[in-house]
Amino acid sequence: MKYSSYDLIVVGTGFASSFFLKKYLSKASPAAKVLVLERGFLYPHAERLKEKRREKTTYASLNPLASEAIINENSSKEWHFTIGFGGGSNCWYGCTPRFLPSDFKMKTLYGVADDWPLQYEDLDPYYNEVEQLMSISGPSGTPFPKNVPYPQPPHLFTEVDKKLHDTYGSLYINQPTARSRVPVPGRGVCCASAVCSVCPANAKFTIENSNLNVYEDPRVELVYGAMVYGLELVQDTARKVNFLKDGKEHQVGAEAIALGANPFFNVPILLNSGDKNPFTGKGVGEQLGMQAIVYLEDMQSLGGSTWVNANGYMLYDGEHRKDYAACLIESNNSAYFRPESGKWRNMASYRMIFEDLPDPENYIAVGPDGHKPVIKYKGPSEYALKGVEAMKKKLPEILSCLPVEKIIYQDSFASEAHICGATKMSKTAAEGVVDKNLIHHQYRNLFVLGSGSFTTFTPANPTLTLSALSMYAADNSF
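Residues numbered from 1 in each chain as written. Predicted model: local features only at pLDDT ≥ 70, side-chain atom pairs only at ≥ 80, totals over all residues. Heavy atoms only, no water.

**Examining the overall build of the chain**
- Tallying secondary structure elements over the chain gives nine helices and 16 strands in all.
- Along the first, second and third principal axes, the C-alpha set of the chain runs to 70 × 50 × 45 Å.
- When each of the 478 residues of the chain is scored for burial, the buried share is 59%.
- Of the contacts made within the chain by residues no fewer than 6 positions apart, 72% connect residues no fewer than 24 positions apart.
- Total accessible area on the chain stands at roughly 18500 Å², and carbon and sulfur atoms take up 51% of it. (Helix = DSSP H or I, 4+ residues; strand = E, 2+ residues; numbered from the N terminus. Buried < 20%, exposed > 50% of the residue type's maximum accessible area, 1.4 Å probe, protein only. Contact = heavy atoms within 4.5 Å. Areas by Shrake-Rupley, 256 points an atom, 1.4 Å probe, with all protein chains shown as cover.)

Put into structure tokens, the structure is as follows:
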């Protein structure tokens, strides 16, 4: 390290950290000193492709597997994430819908859970900014308020999508996505091959291909292989960061600290530091997802230009949320075939994604070694499960504009790869861990970024919102 103390220390290099840094650097002094501590290492896209082709690459063993980095006490539940430079941007699929305004006020509107301490209108300009930086492809008409056009044109509908859009208008839209419709510097065009975790065309936005230029900024020092495990807290202030590198202990000071790892690692850092907030670690979870396969009589699902062509909102918002979960419909355009001669493509496939509510019985604890987190998860809420049953009753009517033969409901997925909660955002410390600027209620120079701050878990994908929250936090705190 160049210095013993910095203006800002950031932990992690994923979406939350990178967009926080982007806004911070736009406001910071030319003499600002920033240290970024990344537990993993750079695993370049070209080398990831080699691994997918089963070619040898020296990078493959640099970063630990997700399953090796946590202690998961529920064998039926999977948690998907990636360690290394760029964090979740290396394994995400690029789906970027906004939340709806109602998602931020569940208590006020439906008497469920808690309201967020900020509202849709607060995030709207930051949604716009992130969409521009990610070069999002999306439609002109949306179910959420949007006054600035997407930077890229929408992906193409399939023939089935066209029929549903004709029927439901702005409740059935081309999915907003960070999978390019047209090429941009450093990124190709989506090939619709549905292997988005390592995009073969490099069309998906990642931190590596982002052109955010935050880690190239001369004010920023990036250290790889630095596992942060705790903070030095003095008189309600986070003074120093403790980390391991190359088997040795290190400590470095800062005026401000931002934890930008996922909740599984932000929480142990806080707990190891002596954070006594009763909500720290509590309420971890994610959405619940399942697949619905629809057989069609005399209609083929052809066309489309990306993996998820469309989002359907017909089961998302409304008074039903007083009793059961909202559902977002994703139109799946992966390579699938109906196992019946002459009707190979007479089918459609939908991922049905249900919101869930934080439950304190689902939580993160510190493991025996003080570093590896223990994840205790009993399962989705009754609220989410009721949403599944309601969807099964309503979907036939919703799809009645199509020549449906039958609908096959598959078992729920083991993971949605969207780790949320455990550092809840709230108005006061009596309700959660961080305020609307993602600053810890007690330690006022400590930011806890990412989807861990989510007050509730909407059915919409979290990445766009957590990135916008990071920019909001940096813009309103410096």
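That shown, we press on.
**Let's talk about the sheet that holds strand β10 (residues 308–312)**
- The strand order across the open sheet built from six strands is β4-β10-β11-β12-β9-β15, with neighbouring strands paired in antiparallel fashion. Edge positions in the sheet fall to β4 (172–174) and β15 (404–412), since each of these pairs with one other strand and no more. Sheet twist, expressed as the average angle between the axes of neighbouring strands with direction ignored, equals 25 degrees.
- In this structure, strand β9 (residues 288–296) lies alongside β15, joined through six bridges in antiparallel fashion. Counted as the bridge partner of L296 is V404 from β15. (Pairing = 2+ DSSP bridges. Axes fitted to C-alpha atoms, helices over the stretch in contact; angles between N-to-C directions.)

**A look at the environment of L302**
- Along the chain, L302 turns up in the loop between β9 and β10.
- Those residues in contact with L302, other than ones at most four positions away along the chain, are T158, E159 and R345.

**Observations concerning the sheet that holds strand β13 (residues 363–366)**
- As summarised here, the arrangement of the three strands in space is β3-β14-β13, forming an open sheet in which the pairing is mixed. Of all the strands in the sheet, just β3 (71–72) and β13 have a single pairing partner and so form its edges.
- Where β13 and strand β14 (residues 373–376) come together, four bridges link them in antiparallel fashion. In the sheet register, I364 faces β14, and the bridge partner there is I375.
- Contacts from helix α7 (residues 263–273) reach β13 and β14 within the one sheet, and its direction differs from that of β13 by about 50 degrees.

**Considering unusual backbone geometry**
- Of note, the phi angle at A113 is positive, near 55 degrees, even though the residue is not glycine.
- Take A113: it is sitting in the loop between α4 (106–110) and α5 (120–134).
- Overall, A113 belongs to the partly exposed group, its relative accessible area being 28%.

**Description of empty space enclosed by the protein**
- What the rule picks out here adds up to four cavities of 30 Å³ or more.
- By volume, the largest cavity amounts to about 80 Å³.
- Taken together, H45, R48, S89, N90, S197, V198, C199, N202, K204, T206 and E208 form the lining of the largest cavity.
- Residue classes in the lining of the largest cavity are distributed as two nonpolar, six polar and three charged.
- Its boundaries defined by the atoms lining it, the second largest cavity holds a volume of some 50 Å³.
- R179, C190, C191, A192, S193, A194, V195, C196, C199 and P200 together form the lining of the second largest cavity.
- For the lining of the second largest cavity, a count of residues per class yields eight nonpolar, one polar and one charged. (1 Å grid on protein atoms, 1.4 Å probe; cavity = no way out; pocket = protein on both sides within 12 Å on 5 of 7 lines; lining within 4 Å. Points joined across faces, edges and corners; volume = space filled by probe spheres on them. Nonpolar A, V, L, I, M, F, W, Y, C, P; charged D, E, K, R; others polar.)

**Observations regarding the side chain of S451**
- Along the chain, the position of S451 falls in the loop between β16 (446–448) and α9 (463–475).
- On the accessibility criterion, S451 (9% relative accessible area) is buried.
- A distance of 2.5 Å separates the side chain of S451 from the backbone oxygen of I419, its partner in a polar contact.
- Discounting chain neighbours no more than four positions away, the residues touching S451 are I419, C420, G421, P462 and L466. (Polar contact = N/O pair within 3.5 Å; in protein donor to acceptor, adjacent residues only side chain to side chain.)

**Regarding the packing of aromatic side chains**
- A full pass over the atoms with the stated rule returns 27 aromatic pairs.
- Chaining the aromatic ring pairs together yields one cluster made of F99, F104, W116, Y120, Y127 and F454.
- Positioned above the aromatic ring of Y3, the side-chain terminus of K33 is 4.5 Å from the ring centre.
- One cation-aromatic arrangement involves R345 over F337; the distance from NZ or CZ to the ring centre is 5.9 Å. (Phe/Tyr/Trp six-rings, centres within 6.5 Å; stacked < 30°, edge-to-face > 60°. Lys NZ or Arg CZ within 6 Å of the ring centre and 35° of its normal.)

**Re the packing of α5 against α9**
- Between α5 and α9, the least distance of the axes is 8 Å, while the angle of their chain directions is 115 degrees. On the basis of the axis angle, α5 is roughly perpendicular to α9. Seen along the crossing, α5 lies across α9 with a hand that is right-handed. Judged by residue contacts, D122, L123, Y126, Y127, E129, V130, E131, L133 and M134 of α5 engage T463, L464, T465, S467, A468, L469, M471, Y472 and D475 from α9. (Parallel < 35°, antiparallel > 145°, perpendicular 65-115°, else oblique. Left-handed = near helix turned anticlockwise from the far one by under 90°.)

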